[in-house]
Amino acid sequence: MRAANRMAAAAVLLALASFPPASAGSESGPVLSASPSTRGGSLDCESATEAVADARRDVRKAKRALRAAETQRAEERARRRLRRAKKRLRAALEAKARACASDGLLRFIVTGAQGKGNQGQLDVAAAMDAKCAVSGCDYVIGLGNNIYDNGGSSTSDPQFATKFETPYADLDLPFWLGLGNHDYGGNGAGNEPAKAQVQVDYTSVSPSGDWRMPDQYYRRRDQHVEFFTLDTNAQMFGNDAQQELDVPAWLADSTAHWKIALGLHSYRSNGPHGNAGSYDNAPLTPIVNGAGVRDFIEDHICGKADVYFSAFDHSLQWPQQDTTNCPGTELIVSGTGSSTSTLSTPPTYPTHYQSATLGFAYVVIDDREMTVEFVDTEGTVLFTRTLTK
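Residues numbered from 1 in each chain as written. Predicted model: local features only at pLDDT ≥ 70, side-chain atom pairs only at ≥ 80, totals over all residues. Heavy atoms only, no water.

S.K.: Would you mind going over the state of the cysteines with me for this structure?
M.R.: By definition, a disulfide is the covalent link that joins the sulfur atoms of two cysteine residues. According to the stated counting rule, one finds two disulfides in the structure shown. The residue that forms a disulfide with Cys132 is Cys137, at a sulfur-sulfur distance of 2.0 Å. Linking Cys132 and Cys137, the disulfide has an S-S dihedral of approximately -85° and is accordingly described as left-handed. With respect to class, Cys132 is no different from Cys137; both count as buried. (Disulfide = S-S within 2.5 Å. Buried < 20%, exposed > 50% of the residue type's maximum accessible area, 1.4 Å probe, protein only.)

S.K.: How do you make sense of the nonpolar core when you look at a structure like this?
M.R.: A general trend in soluble globular proteins is that nonpolar side chains are found buried together. Phe108, Ile260, Ile297, Ile301, Phe309, Ile365 and Met370 are the most contacted members of the largest nonpolar core, which totals 50 residues. Excluding residues that lie within four positions of it along the chain, Phe108 makes contacts with Tyr139, Ile141, Phe227, Ile260, Ala361, Tyr362, Val363 and Ile365. (Core = buried A, V, L, I, M, F, W, Y, C linked by side-chain atoms within 4.5 Å. Contact = heavy atoms within 4.5 Å.)

S.K.: How should I be thinking about unusual backbone geometry in this particular structure?
M.R.: Most peptide bonds take the trans configuration, and most residues that are not glycine carry a negative phi. The omega torsion of the bond from Tyr148 to Asp149 falls at -10°, within 30 degrees of zero and hence cis. The topology assignment puts Asp149 in the loop between strand S3 (139-142) and helix H5 (159-165). One non-glycine residue with positive phi stands out, namely Asn145, at about 60°. Considering the arrangement of structural elements, one finds Asn145 in the loop between S3 and H5. (Helix = DSSP H or I, 4+ residues; strand = E, 2+ residues; numbered from the N terminus.)

S.K.: How do you make sense of the sheet that holds strand S4 (residues 175-177) when you look at a structure like this?
M.R.: Two pairing modes exist for strands in a sheet, parallel and antiparallel, and in both the strands are linked by backbone hydrogen bonds. What the seven strands build is an open sheet, ordered S5-S4-S3-S2-S13-S14-S15; its pairing is mixed. Each of the sheet's edge strands pairs with one partner strand only, and the pair in question is strand S5 (211-212) and strand S15 (381-388). In this sheet, strand S14 (residues 369-376) lies alongside strand S13 (residues 359-366) in antiparallel orientation, the contact comprising eight bridges. Residue pairing for S14: Val364 is matched across the bridge by Thr371. (Pairing = 2+ DSSP bridges.)

S.K.: Help me understand the pairing of S13, please; the structure alone is not making it clear to me.
M.R.: The side chains of a regular strand alternate, residue by residue, between the two faces of the sheet. Across the eight residues that make up S13, a large majority, six, are buried. Relative to S13, strand S2 (residues 105-111) runs antiparallel, the two being bridged by six bridges. Of the residues in S13, the one forming a bridge with Val110 is Ala361. In this antiparallel pair of consecutive strands, S13 and S14, the connection spans two residues, and Asp367 shows a positive phi of 60°.

Here it is in structure tokens:
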């Protein structure tokens with residue numbers, strides 16, 4: 001069967017040059033929608049997925065050839081090859097979107113606290129690439145702290161290259177990103193709001209086109225799933241009046257089967273920062289204690305979103321559901337995109353799993369089932385759990 005799929009994938013790639021680009025759909029404000037056209041012809045989802053995998057391999061080969069080029073002529077040939085390979089990959093991804101539109105299947109990575117440009121980030125990026133090559137990925141979701149330690153000064157800041165474009169060059173996937181305290185500058189104090197807008201603006205100039213941040217907070221629909229990316233740093237400072245109006249309204253009017261909230265700051269955590277409302281063991285210190293995040297999550301996310309992913313502490317955690325203060329919402333921490341921090345042992349707050357290990361969360365949503373894996377830099381699946389709705 002796999003050989004047949006590979007043959008079909010090869011045929012798909014040969015035909016991709018004649019495929020018209022899929023419609024990007026309409027956008028209104030910070031609301032985005034992935035609405036691929038109806039499947040056409042004999043192209044099936046499995047063959048289209050194989051075609052994407054083959055196209056990704058071609059891009060990687062072209063990049064290796066470019067790095068190995070020793071003469072200007074060889075470099076020019078390699079650049080032309082890479083442009084053709086990327087064009088085929090874009091076409092393959094659009095063909096897959098059409099073919100798989102009715103399958104109810106989404107596969108993506110969730111990572112956070114990743115933007116350090118260090119060896120840890122490179123190791124996690126390589127593991128993400130390997131996982132996507134084997135299991136398939138539609139995109140990556142970044143929870144914030146994209147540019148350590150102090151955000152980006154402008155859209156031409158070289159840190160965008162060293163902490164995003166270069167580490168993730170082999171992935172060739174859209175990264176749907178949110179903001180963290182370091183993205184707001186102040187060396188993590190989060191008190192330079194102009195730097196947050198720099199990251200929104202970088203979306204239009206990213207050389208790869210993979211950086212996606214349409215606004216400082218936004219919603220995005222993909223098939224039967226809707227994502228709600230929060231600006232938790234604004235919540236920390238109480239600068240979230242409009243967000244407090246928009247997000248509850250978005251959640252209320254969403255018809256998606258799965259509703260997933262995304263933010264940097266965690267609600268429950270066994271790491272050094274701890275729980276919102278008493279971050280860093282400072283429950284009486286305004287702003288620092290995260291009371292604004294706690295109140296926002298309890299008022300607008302708990303019981304309204306199915307899952308809340310966060311990354312304030314640099315660990316992988318799946319706390320048990322807080323049925324008293326946050327019933328109906330699973331809380332997952334995926335904050336080891338470039339480094340790790342400590343965890344309380346035994347856990348202060350009960351968990352299904354926790355580990356201070358470099359890695360990421362790999363999510364598969366197949367109709368009414370959502371499976372989340374924690375994967376380390378060796379590709380080992382450390383933990384897996386499935387939700388059914």
